[in-house]
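# Structural characterization, general
Okay, here's what each chain looks like letter by letter:
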Amino acid sequence: MPNSTDPPRILIVDDVKNNVLLMEMLLKKHGYIPISAYSGAEALEKIEQNDIDVVVMDVMMPEMDGFEATRHIKANEKSKHIPVILLTAQRRNLTDMVTGLDSGADEYATKPIDEKELTAKLRALLRIKELYDQLNDANTRLRELDQLKNDLTHMIVHDLRNPLTGILGHLQLLKMTELSAEQSNTLDNALQNAEQLLGMITDLLDISKMEEGKLMLKTSPIIFEDVVQVALRQVQVLVEEKGINLQIAINETLPVIIADYDKLLRVMVNLLSNAIKFTPPAGHIEIRANVVDTTTIQVSVSDTGEGIPENYLDRIFDKFIQVESRKAGRNLSTGLGLTFCKLVLEAHQGKIWVESALGKGSTFYFSLPLQTER
């Protein structure tokens, strides 16, 4: 990109040399840097080789006319933002004007060139180009800062995992010692909170890997009811603390599925933890699993919580919605758990969705295809 203090670079495209020479003189007179091409193909080469601010191009050229050259310019990601003025020898030719605009041209002028008209159009298009360049620079900087933020967050979260694992290990060692009932209860709470924090850290790291396509699934044959039972053991303390009525309705003929056991277990734990969090004391949670259309296993986790506002239903699995909802005074889920669930299920060629109504609770559904081992 040229320095902002450099004169604008205008590409002249015309197969008639005298026309090019006249245009060069006109542009130099107004302080522009002219760059010349004598065909549509040469124009595309010059755009690749130079930082062009505006293209002024004749329509009638052999082999590749101005319309086709414009289409090529606008189809190229690197050059589509460059304004194009098309020139025609026929004044007020509506067909040429329509064709030119349809090809992506930004402006249209006729020969013989009216100097004031052309320079006014150049100034207008250069202002637009300058704004585009400023926005593009700002977007590039924002992307760089966002990547830096993500890299820093990933590094911090990764570094947090090691000491937290150490803390969990020491708490588990304490669990093996002789403790009073009060001490044991306090230790259980500490373990539960530490495990929840470790789960959040693991979710965040895995979400980052899945978004980058770097997380590989370790699939194996799985009995889904076993996954549910292990997940229930992990949240049992929370269920008992709130006196929640928990029901399980899993089809006894449910076939073995092929999935990543650890990831699927974390999906179930996240959905159950979310249901428990928003279900009032003595509320009700139900887990169901069935085969649908002989090709898919469908699982649901229903609760009798407060429900989710309709305007959040389509975005509940977006990791950024948590920030938005908490600013609005709502807490829709447990951190990034739902985002993790969505990415894991999509990695399995499955999907997840929710049905909810305020005051009537929520039901989270997910489906997985029945398939042979990959």
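Scroll up to find the structure.
Conventions adopted
- Residues numbered from 1 in each chain as written.
- Predicted model: local features only at pLDDT ≥ 70, side-chain atom pairs only at ≥ 80, totals over all residues.
- Heavy atoms only, no water.
- Helix = DSSP H or I, 4+ residues; strand = E, 2+ residues; numbered from the N terminus.
- Rg over C-alpha atoms; globule rule 2.2 N^0.38 Å.
- Areas by Shrake-Rupley, 256 points an atom, 1.4 Å probe, with all protein chains shown as cover.
- Lys, Arg positive; Asp, Glu negative; His and termini not counted.
- Charge placed at Lys NZ, Arg CZ, Asp CG, Glu CD.
- Buried < 20%, exposed > 50% of the residue type's maximum accessible area, 1.4 Å probe, protein only.
- Arc of directions from axis to C-beta.
- Contact = heavy atoms within 4.5 Å.
- Polar contact = N/O pair within 3.5 Å; in protein donor to acceptor, adjacent residues only side chain to side chain.
- Pairing = 2+ DSSP bridges.
- Axes fitted to C-alpha atoms, helices over the stretch in contact; angles between N-to-C directions.
- Parallel < 35°, antiparallel > 145°, perpendicular 65-115°, else oblique.
- Left-handed = near helix turned anticlockwise from the far one by under 90°.
- Nonpolar A, V, L, I, M, F, W, Y, C, P; charged D, E, K, R; others polar.
- Salt bridge = Lys/Arg side-chain N within 4 Å of Asp/Glu carboxyl O.

## Observations concerning the overall build of the protein chain
The number of helices and strands found in the protein chain is ten helices and twelve strands. In terms of overall dimensions, the protein chain is more spread out than a globule: its C-alpha atoms have a radius of gyration of 32 Å, far above the 21 Å expected for 374 residues. Summing over all exposed atoms, the protein chain offers an accessible surface of approximately 20900 Å²; the carbon and sulfur share of this is 54%. For the protein chain, the separation between the mean place of its 40 positive charges and that of its 54 negative charges on side chains is 4 Å.

## Topic: helix H3 (residues 66–75)
Gly 66, Phe 67, Ala 69, Thr 70, Ile 73 and Lys 74 are the residues of H3 that are buried. The buried residues of H3 occupy an angular sector of 160° when projected down its axis, which confines them to one face. The inward-facing, buried residues of H3 contact helix H2 (40–49), strand S3 (54–58), strand S4 (84–88) and helix H4 (94–102). The distance from a side-chain oxygen at the start of H3 to the backbone nitrogen of Phe 67 is 3.2 Å, and the residue carrying that oxygen is Asp 65.

## A look at the sheet that holds strand S2 (residues 33–37)
With parallel pairing, the five strands of this open sheet are ordered in space as S2-S1-S3-S4-S5. Among the strands making up the open sheet, the edge pair consists of S2 and strand S5 (107–110). Direction aside, the axes of adjacent strands within the sheet are offset by 20° on average. In terms of strand pairing, S3 meets S4 through four bridges, oriented parallel. Across the sheet, Met 57 pairs through a bridge with Leu 86, a residue of S4.

## Brief notes about the packing of helix H7 (residues 224–242) against helix H8 (residues 261–278)
In the contact formed by H7 and H8, the axes pass within 9 Å of each other and the chain directions differ by 30°. Considered as vectors, H7 and H8 are oriented roughly parallel to each other. Read as a crossing pair, H7 and H8 show a hand that is right-handed. Across the interface between the two elements, Phe 224, Asp 226, Val 227, Val 228, Val 230, Ala 231, Leu 232, Gln 234, Val 235, Leu 238, Val 239 and Lys 242 from H7 touch Tyr 261, Leu 264, Leu 265, Met 268, Val 269, Leu 272, Ser 273, Ile 276 and Lys 277 from H8. By residue class, the composition of the contact of H7 with H8 is 16 nonpolar, two polar and three charged.

## Some thoughts on the pattern of salt bridges
All told, the structure shown has 15 salt bridges when counted by the stated rule. The shortest N-O distance in the salt bridge between Asp 58 and Lys 111 comes to 3.1 Å. Placement of the pair is Asp 58 in strand S3 and Lys 111 in the loop between S5 and helix H5 (115–175), with a sequence separation of 53 residues. Judged by relative accessible area, Asp 58 falls into the buried class, the value being 6%. A salt bridge links Lys 74 to Asp 106; its shortest N-O distance comes to 2.9 Å. Here Lys 74, found in helix H3, pairs with Asp 106, found in the loop between H4 and S5; they are 32 residues apart in sequence, far enough to count as distant. Assessed through its relative accessible area of 36%, Asp 106 is described here as partly exposed.

## Considerations on the environment of Tyr 32
Examined against the element boundaries, Tyr 32 turns out to sit in the loop between helix H1 (17–29) and S2. Judged by relative accessible area, Tyr 32 falls into the buried class, the value being 12%. When the C-alpha atoms of Tyr 32 and Pro 8 are compared, they prove to be 5.4 Å apart, with 24 residues separating the residues in sequence. Setting aside residues no more than four positions away along its own chain, Tyr 32 makes contact with Pro 8, Ile 10, Leu 27, Thr 119, Leu 122, Arg 123 and Leu 126.

## Focus on H2
Three or more residues of H2 are buried, namely Gly 40, Ala 43, Lys 46 and Ile 47. Seen along its axis, H2 keeps its buried residues to an arc of 110°; they face one direction. Away from its buried face by more than 90 degrees, H2 exposes Glu 48 and Gln 49. Summarising the contacts, the buried residues of H2 are in contact with strand S1 (9–13), S2, S3 and H3.

## Notes on unusual backbone geometry
A cis amide bond links Lys 111 with the next residue in sequence, Pro 112, at an omega value of -5°. The topology assignment puts Pro 112 in the loop between S5 and H5. One non-glycine residue with positive phi stands out, namely Asp 293, at about 55°. By the secondary structure assignment, Asp 293 is in the loop between strand S9 (284–292) and strand S10 (296–303). Overall, Asp 293 belongs to the exposed group, its relative accessible area being 65%. Positive phi is not limited to glycine here, since Thr 294 has a value of about 60°.

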